[in-house]
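Single-letter residue listing:
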Amino acid sequence: MIEGAKAKKLDALIKRLTAAAPDAGATPPPPEGADRLVHELVYAFMLWEAGPALAAEAIGSITGAFVDYNEARIGMSDELAELLPKKYPLAEERCRRLRVALNTVFSREHALSLQSLDELPKREARAYLDSIEGMTPFVAARVTLIGLSAHAFPVDKRLVSILAGAGVCDPDESPESLASSLERYYRAGQAAPAYLALEGAEPVEAKKSRAGARKSSSSTSKTTRTSKSKTKAT
């Protein structure tokens, strides 16, 4: 449960992130002719445990290599994985899951479309998404929240790390448990802006790694300058 000091830390974090990047988290526009919700599905799979920068790059690579998402569906999962940026987390698993999910949608709908979800009650639409083979809770929740404007809160281990770094949750809390707490904490209509603010944030580990790289680079530069100065002096 998020309450007391943790609630204050969460509110402060969302306020800070929103002020720093008010337009963060928007899904890139779908390719021409693509089903809107299928595009949300593909983007959410690329976003899962990766973040928006990598996901946007991955979507660009996929749409550049295939005529459309249907051609990507027919392709092999290892072909998809090879298109992703180097060191993409869970590259093979996410592409395998994505291809299975797209084929499940095609088999059910006889087309690569999720337009039928717009006609369903929100709970039924979420249940439909959860039942798609290869689906992850994060992907289903994001399509529900952003694509269908229904109440949900997408959480993966990356987002757990972000919130743990801010003191909102324990580092070992499961994504499912944290998602449940956030869904209770936010009312319908409040979850989307809060989630989108968090989506663009960086986990603490990534910040430390980047800071360490800058420090190492700076140290190397100083050493090089010092060596050059000594060489000139001799």
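Bear in mind that the values here come from a model prediction, so they are computed numbers and not experimental data. (Residues numbered from 1 in each chain as written. Predicted model: local features only at pLDDT ≥ 70, side-chain atom pairs only at ≥ 80, totals over all residues. Heavy atoms only, no water.)

1. Side note on the overall build of the protein
- From N to C terminus, the protein includes 12 helices and 0 strands.
- Every one of the 234 residues in the protein was classed for burial, and the buried ones make up 41%.
- Taking all contacts inside the protein whose residues are at least 6 apart in sequence as the whole, residues at least 24 apart take part in 65%.
- When the accessible surface of the protein is summed, it comes to about 12,800 Å², and 53% of that surface belongs to carbon and sulfur atoms. (Helix = DSSP H or I, 4+ residues; strand = E, 2+ residues; numbered from the N terminus. Buried < 20%, exposed > 50% of the residue type's maximum accessible area, 1.4 Å probe, protein only. Contact = heavy atoms within 4.5 Å. Areas by Shrake-Rupley, 256 points an atom, 1.4 Å probe, with all protein chains shown as cover.)

2. Considerations on the packing of helix H8 (residues 137–147) against helix H11 (residues 191–199)
- As a packed pair, H8 and H11 sit with axes 10 Å apart at the nearest point and diverge in direction by 130°. One element, H8, and the other, H11, form an angle in the oblique class. H11 is crossed by H8, and the crossing has left-handed handedness. Where H8 approaches H11, its residues Phe138, Arg142, Leu145 and Ile146 are matched on the opposing element by Ala191, Ala192, Tyr195, Leu196 and Glu199.
- Taken together, the residues of the contact of H8 with H11 sort by class into 7 nonpolar, no polar and 2 charged. (Axes fitted to C-alpha atoms, helices over the stretch in contact; angles between N-to-C directions. Parallel < 35°, antiparallel > 145°, perpendicular 65-115°, else oblique. Left-handed = near helix turned anticlockwise from the far one by under 90°. Nonpolar A, V, L, I, M, F, W, Y, C, P; charged D, E, K, R; others polar.)

3. Regarding the confidence of the model for the protein
- Across the protein, pLDDT averages 90, with 87% of residues at or above 70.
- Throughout residues 206–214 the model reports pLDDT below 50, and contacts reaching past four residues in sequence, or to other chains, amount to 2 contacts. (pLDDT = per-residue confidence, 0-100.)

4. What about the packing of aromatic side chains?
- Tallied over the entire structure, the rule returns 4 aromatic pairs.
- Ring geometry for Phe153 versus Tyr186: centroids 5.6 Å apart, planes at 15°, classification stacked. Residue Phe153 is located in the loop between H8 and helix H9 (157–165), and its partner Tyr186 is located in the loop between helix H10 (175–185) and H11; the two are separated by 33 residues in the primary sequence.
- When the ring of Tyr185 is compared with that of Tyr186, the centres are 5.0 Å apart and the planes differ by 85°; the resulting orientation is edge-to-face.
- Here Tyr186 falls in the buried class, since its relative accessible area comes to 9%.
- A network of ring pairs unites the aromatic residues Phe138, Phe153, Tyr185, Tyr186 and Tyr195 as a single cluster.
- The ring centre of Phe106 lies 3.8 Å from the NZ or CZ of Arg73, which sits over that ring. (Phe/Tyr/Trp six-rings, centres within 6.5 Å; stacked < 30°, edge-to-face > 60°. Lys NZ or Arg CZ within 6 Å of the ring centre and 35° of its normal.)

5. Comments concerning the environment of Ala152
- The residue Ala152 is located in the loop between H8 and H9 in this model.
- Sequence spacing of Ala152 and Ala188 is 36 residues, and the spatial spacing of their C-alpha atoms is 8.3 Å.
- Once residues lying within four places of it in the same chain are set aside, the contact partners of Ala152 are Arg126, Ala141, Thr144, Leu145, Glu183 and Ala191.

6. Some thoughts on H10
- Taken together, the buried positions of H10 are Pro175, Leu178, Ala179, Ser181 and Leu182. One face of H10 carries all of its buried residues, which in axial projection span an arc of 165°.
- On the buried face of H10, the contacting elements are helix H1 (4–20) and H9. (Arc of directions from axis to C-beta.)

7. Notes on a negative patch on the surface
- A cluster of acidic residues, Asp78, Glu79, Glu82 and Glu92, forms a negative patch at the surface.
- Relative to the helices and strands, Asp78 is located in helix H5 (residues 77–83). (Patch = residues over 30% accessible without salt bridge, like charges linked within 9 Å, V, L, I, M, F, W, Y side chains within 5 Å. Salt bridge = Lys/Arg side-chain N within 4 Å of Asp/Glu carboxyl O. Lys, Arg positive; Asp, Glu negative; His and termini not counted. Charge placed at Lys NZ, Arg CZ, Asp CG, Glu CD.)

8. Concerning empty space enclosed by the protein
- Within this structure, the stated rule accounts for 1 cavity of 30 Å³ or more.
- Volume-wise, the largest cavity comes out at about 40 Å³.
- Lining the largest cavity are Leu47, Gly51, Phe138, Asp156, Arg158, Leu159, Tyr195 and Glu199.
- Put simply, the parts of the chain that give the lining of the largest cavity at least two residues each are H9 and H11.
- Considered class by class, the residues forming the lining of the largest cavity number 4 nonpolar, 1 polar and 3 charged. (1 Å grid on protein atoms, 1.4 Å probe; cavity = no way out; pocket = protein on both sides within 12 Å on 5 of 7 lines; lining within 4 Å. Points joined across faces, edges and corners; volume = space filled by probe spheres on them.)

9. Some points on the pattern of salt bridges
- Considering all chains together, one arrives at 5 salt bridges under this definition.
- In this structure, Arg126 engages Asp130 in a salt bridge whose closest nitrogen and oxygen atoms are separated by 3.2 Å. Taken as a pair, Arg126 and Asp130 lie in helix H7 (residues 122–130) at a separation of 4 residues, close to a single helical turn.
- With a relative accessible area of 41%, Asp130 lands in the partly exposed category.
- A cluster of three or more residues bridged by salt bridges with shared partners is formed by Glu40, Arg142 and Glu199.

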